[in-house]
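What the coordinates show
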Amino acid sequence: MPENAPSTRVRTRFAPSPSGHLHVGGARTALFCWAYAKGRGGDFILRIEDTDQKRSSDASSMAFLEDLKWLGLQWDEGPEFNGSGGGDRGPYYQSKRLDTYKPYFQKLLDSGAAYMAFETAEELDAARATARAEKRAYRYDRASLKLDPATVEQYIREGRPYVVRFKVPDDTQLTFRDEVLGEVAVSSGEVDDFVIRKADGYPTYHFAVVVDDELMGITHVIRAQEHTNNTFKHNLIQEALGFNRPTYAHISVVTNPDGSKMSKRDKDKALRAAVREAKLDNAPEFQPGTDVTIREEEWAWWMESKDRQLNMEAVKALAEYLGVEVPEIDIDDFRRAGYLPEVMVNYLALLGWSPGENIEKFDRDFLIQRFSLDRIVKSPAKFDRDKLLAFNLDAIQAMSVEQFTDRLREHCRQFHPEFLEKLDDDAFSMLAAANHERSKTLEDPVRTCRFFVVPDDHIVYEHSKPVRKHLTGGEPSGFEHLEALAETLAELSRWTAEGLEHAISEYANVHASGKLGKVAQPLRIAVSGGTVSPPIFDTLAILGKQSTLNRINLCLAKREELSTPA
RNA sequence: GACCCCAUCGUCUAGUCAGGUCUAGGACACCAGGUUUUCAUCCUGGGAACAGGGGUUCAAAUCCCCUUGGGGUCGCCA
């Protein structure tokens, strides 16, 4: 098999189909391709495998470009997007390369390496169903190969639709060397005469991938292990066309906690199950506020088969409607959940690869320097959210307050603008600083600090036992402390965390035998509605004097109500 | 079902290719203590694995075979 000469420039590619966001598994594949090429002074190419005309191609289907960018994976060639892409070996969309494929189809047809087949999809489905019912393995029977030339010619004249199939040789061993798996072999009898050109004239994945990899000068194919068996087909086409065989590395799949393959279709799967559970027969009418609708045809189409996906907006709306959590599998899900891109990169790299030496925290540059195919683990890796979270926490703790503030501001700008609208720069900075040490994600401050951006009289007090206890318990009780504190604080001139600490600690020394907790918790409840908030002095400082006093008074006004169990 | 691939703590993994330094290392999770004005941190300690069975060898987590288990693929999807 032709090895690439050492002098050849390394070129890898990531080749997704345009179907929405980048999911975790795809992201890891892209990361490995990128790291391998970049570590060797090579090129990382992005190619869009859009040879399925049935698949929707709305704008949101290219959302993964943004995800790739967010992770910091620049592509040297491919679709142009935000500074990445371009290149002179395009177009990088397979649907725009139809003319390119034509002569290669012809070559295979002429040489007899491929042939036309006239069975319809329906006929083949039926044959497969029969085989299944009889519990035997389905094999294409090569009926069209046995047609005599005159018949074939006649069929073509009649305008019968046909596909082109590759004629797989009988009785040989097909082998290839894989950089992670080693030698992989199968006997050719296991490989069907596969379709390389669909009835609509589009190439199938197998064909397009081979032609494009050759024409784009791809030297290393790093892809998921689900493609291992396809490699034999690709090798066959390469040989028939006189192409180079690139170096292969098949990386194991990333699985869900239950061990099943993590798939971009998991969200739809979860939703379909929920729909059946809820016995929903038709597309629901969503809330008037949303402009999302699912048409009847779309609904039926989607429910019909497990490999069909709804668009992003519909997924979100339907999940909300059904009140179910769809699994977090897309890079974008983690971005929204407040994970840092560098942490995602670090964690993803650890799924199936490790640098050894007990090193597991590293950045992109380290990855580029150290990444190699021979340290890739062969077995599937479960995606462990706990560990990801722990890494995210560590990364946040390692930041300076200023860095954290900037990151949080950016996160809010994108996903929670109300925090920037309601809080001025100073208050926002204080909020960020107060949350720095207690946040595991950029979403944590947002989630636990909603009360800052709510009007004073909209505070909702939690009717729970701990709340009641902190308010009514003790001698003096929490309410009594609040009454006293309202006066003390009203007279406080230095409304800063330090000033507040001074005043409140002093109060606690005198009236609560130095037990700060006795006064901090009632205060916390009064201003936030619950028992959880940033450190109390910071909280009050951010809130400001007026809001603090308003809320204490509001809490006191609800004394009766908050003293009795709900 | 057929074929391909895989197999170290609950999880991600180091160690396997070049057998001895492995009474198997790290991280996450877990458990027990401790610090802390809440939550979250943080500190200390602890339990936790070579799937099973046969070989080969002075010696096996490491090499070979079988069994079992897991994953992947069997589309005019990619």
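Residues numbered from 1 in each chain as written. Chains lettered and ligands numbered in written order. Predicted model: local features only at pLDDT ≥ 70, side-chain atom pairs only at ≥ 80, totals over all residues. Heavy atoms only, no water.

A few points about the overall build of chain A
Stated precisely, the cut-off is as follows: Only DSSP runs of H or I covering at least 4 residues are called helices, and only runs of E covering at least 2 are called strands; the numbering of each starts at the N terminus. Atoms counted for the radius of gyration: C-alpha only. Globule rule: 2.2 Å times the number of residues to the power 0.38. For each residue, the accessible area found with a 1.4 Å probe, counting protein chains only, is set against the maximum for its type, and the residue is called buried under 20%, exposed over 50%, and partly exposed in between.
Scanning chain A from terminus to terminus reveals 25 helices and 13 strands. The C-alpha radius of gyration computed for chain A amounts to 31 Å, which surpasses the reference 24 Å derived for 566 residues by more than 25%, pointing to a less compact arrangement than a globule. Projected onto its principal axes, the C-alpha coordinates of chain A cover approximately 105 × 55 × 40 Å. With 566 residues in all, chain A has 50% of them scored as buried.

Some remarks on the protein's contact with RNA strand B
Our working definition: Only a single heavy atom is needed: when it lies within 4 Å of a molecule or strand, its residue is near that molecule or strand. Pairs of N or O atoms within 3.5 Å make up the polar contacts considered here, provided that, within protein, one atom can donate a hydrogen while the other can accept it, and that residues adjacent in sequence are counted only when both atoms are side-chain atoms. Each residue gets one label: Ala, Val, Leu, Ile, Met, Phe, Trp, Tyr, Cys and Pro are nonpolar, Asp, Glu, Lys and Arg are charged, and the others, such as Gly, are polar.
Close to RNA strand B lie 68 residues, the nearest being Glu49, Thr51, Glu360, Arg438 and Lys440. One of the backbone N or O atoms of Gly352 is found 2.6 Å from a phosphate oxygen in RNA strand B. Of all the secondary structure elements, the ones that give two or more residues to the surface near RNA strand B are helix 4 (121-133), strand 8 (182-187), helix 6 (205-215), strand 13 (381-382), helix 14 (385-398), helix 22 (516-528) and helix 23 (536-543). With 5 residues, the single largest contributor to the surface near RNA strand B is helix 22. The residue inventory of the surface near RNA strand B, partitioned by class, reads 26 nonpolar, 18 polar and 24 charged.

Considerations on the domain arrangement of chain A
Frequently, the measure chosen for interface size is the accessible area that the parts lose on association. Which entries qualify depends on this criterion: In this document the domain limits rely on a domain assignment from an automatic tool or a database.
Domain annotation of chain A identifies domain 1 (266-328) and domain 2 (454-563). When each unit is reduced to the centre of its C-alpha atoms, the spacing between domain 1 and domain 2 is 45 Å.

Structural notes on the side chain of Lys69
This is how the line gets drawn: Neither His nor the chain ends contribute to the count of charged residues, in which Lys and Arg are positive and Asp and Glu negative. Salt bridge, as used here, is a side-chain nitrogen of Lys or Arg placed within 4 Å of a carboxyl oxygen of Asp or Glu. In this description, contact between two residues means that some pair of their heavy atoms is separated by no more than 4.5 Å.
With respect to the helices and strands, Lys69 occurs in helix 2 (residues 64-71). Here Lys69 is buried and forms no salt bridge, its nearest opposite-charge partner Glu66 lying at an N-O distance of 8.8 Å. Reaching out from Lys69, the side chain makes a polar contact with the side chain of Ser84 at a distance of 2.8 Å. With residues up to four places along the chain from it excluded, the contact list for Lys69 reads Gln74, Trp75, Phe81, Asn82, Gly83 and Ser84.

Quick word on the pairing of strand 3 (residues 78-81)
Put simply, the rule reads: Only strands that DSSP links by at least two bridges are regarded as paired with each other.
Two strands pair when backbone bridges link them, and strand 3 and strand 4 (residues 84-86) are joined in this way by 2 bridges, in the antiparallel orientation. Bridging from a neighbouring strand, Phe81 pairs with Ser84 of strand 4. Linkage of strand 3 to strand 4, two consecutive antiparallel strands, is achieved through a turn of 2 residues, within which Asn82 is found at a positive phi near 50°.

What to know about the sheet that holds strand 9 (residues 195-197)
Short version of the rule: Between N-to-C directions, angles span 0 to 180 degrees; the directions come from axes that are lines fitted to C-alpha atoms, helices contributing only their stretch in contact.
A sheet is described by the order of its strands in space; here 3 strands give the open sequence 5-6-9, paired in antiparallel fashion. Of all strands in the sheet, those with a lone pairing partner are strand 5 (114-117) and strand 9, marking the two edges. Averaged over all neighbouring strand pairs, the angle between strand axes comes to 45°, with direction disregarded. Note: strand 6 (residues 163-166) against strand 9, 2 bridges, orientation antiparallel.

Things to note about the environment of Glu239
When you line up the elements, Glu239 lands in helix 7 (residues 230-241). Owing to a relative accessible area of 55%, Glu239 belongs among the exposed residues under this scheme. Residues Glu239 and Leu215 lie 24 residues apart in sequence; the distance between their C-alpha atoms is 15 Å.

Brief notes about a positive patch on the surface
Operational definition: Put simply, a patch holds well-exposed residues, over 30% relative accessible area, that have no salt bridge, with like charges counted together within 9 Å and Val, Leu, Ile, Met, Phe, Trp or Tyr side chains within 5 Å. A 1.4 Å probe and the Shrake-Rupley method give the accessible areas. Residues count as covered only by the protein chains that appear here. Charged groups are reduced to one reference atom each: NZ for lysine, CZ for arginine, CG for aspartic acid, CD for glutamic acid.
Together, Lys465, Lys469, Lys515 and Lys518 give the surface a local cluster of positive charge. Here Lys518 lies in helix 22.

Side note on helix 9 (residues 296-304)
Each turn of an α-helix holds 3.6 residues, which means side chains three or four residues apart point in the same direction. We apply this condition: Think of it as the arc spanned by the lines of direction from the helix axis to the C-beta atoms.
Residues Glu298, Trp299 and Trp302 constitute the buried set of helix 9. Projected down its long axis, helix 9 shows its buried positions confined to an angular sector of 100°, all on one face. The outward face of helix 9, more than 90 degrees from its buried face, is lined by the exposed residues Glu297 and Glu304. Along its buried surface, helix 9 packs onto helix 8 (266-277) and helix 10 (312-322).

Observations concerning the packing of aromatic side chains
Note the cut-off: Between the rings of Phe, Tyr and Trp (Trp by its six-membered ring), a pair exists once the centres lie within 6.5 Å; its type follows the angle of the planes, with under 30 degrees stacked, over 60 edge-to-face, and the other angles tilted. We call a charge positioned over a ring when the NZ of a Lys or the CZ of an Arg lies within 6 Å of the ring centre and within 35 degrees of the ring normal.
Tallied over the entire structure, the rule returns 20 aromatic pairs. Measuring from ring centre to ring centre gives 5.8 Å for Phe176 and Tyr248, while their planes differ by 70°; the resulting arrangement is edge-to-face. Placement of Phe176 in strand 7 (residues 173-178) and of Tyr248 in strand 11 (residues 247-251) is noted, with a sequence separation of 72 residues between them. Put simply, the rings of Phe32, Trp353, Phe362, Phe366 and Phe371 touch in pairs and so form one group of aromatic residues. Here the guanidinium or amino end of Lys69 rests over the ring plane of Trp75, the centre of that ring lying 5.4 Å away. Above the face of the Phe391 ring, Lys361 is positioned so that its terminal group lies 4.7 Å from the ring centre.

Re the packing of helix 19 (residues 465-472) against helix 22
For clarity, the cut-off: Any angle between 65 and 115 degrees counts as roughly perpendicular, while under 35 counts as roughly parallel, over 145 as roughly antiparallel, and the rest as oblique. Take the far helix as your reference; a near helix turned counterclockwise from it by less than a right angle gives a left-handed crossing, and one turned clockwise gives a right-handed crossing.
Between helix 19 and helix 22, the least distance of the axes is 9 Å, while the angle of their chain directions is 120°. One element, helix 19, and the other, helix 22, form an angle in the oblique class. For the element pair helix 19 and helix 22, the recorded crossing hand is left-handed. Contacts from Val467, His470 and Leu471 of helix 19 reach helix 22 at Gln521, Pro522 and Ile525. Of the residues assigned to the contact of helix 19 with helix 22, the class counts are 4 nonpolar, 2 polar and no charged.

Details of the environment of Phe371
Among the secondary structure elements, Phe371 is positioned in the loop between helix 13 (364-370) and strand 13. Each C-alpha atom, one on Phe371 and one on Asp58, is 35 Å from the other, the two residues being 313 residues apart in sequence. Not counting the four nearest positions on each side in its chain, Phe371 is found in contact with Phe32, Ala35, Tyr36, Arg40, Trp353 and Ile376.

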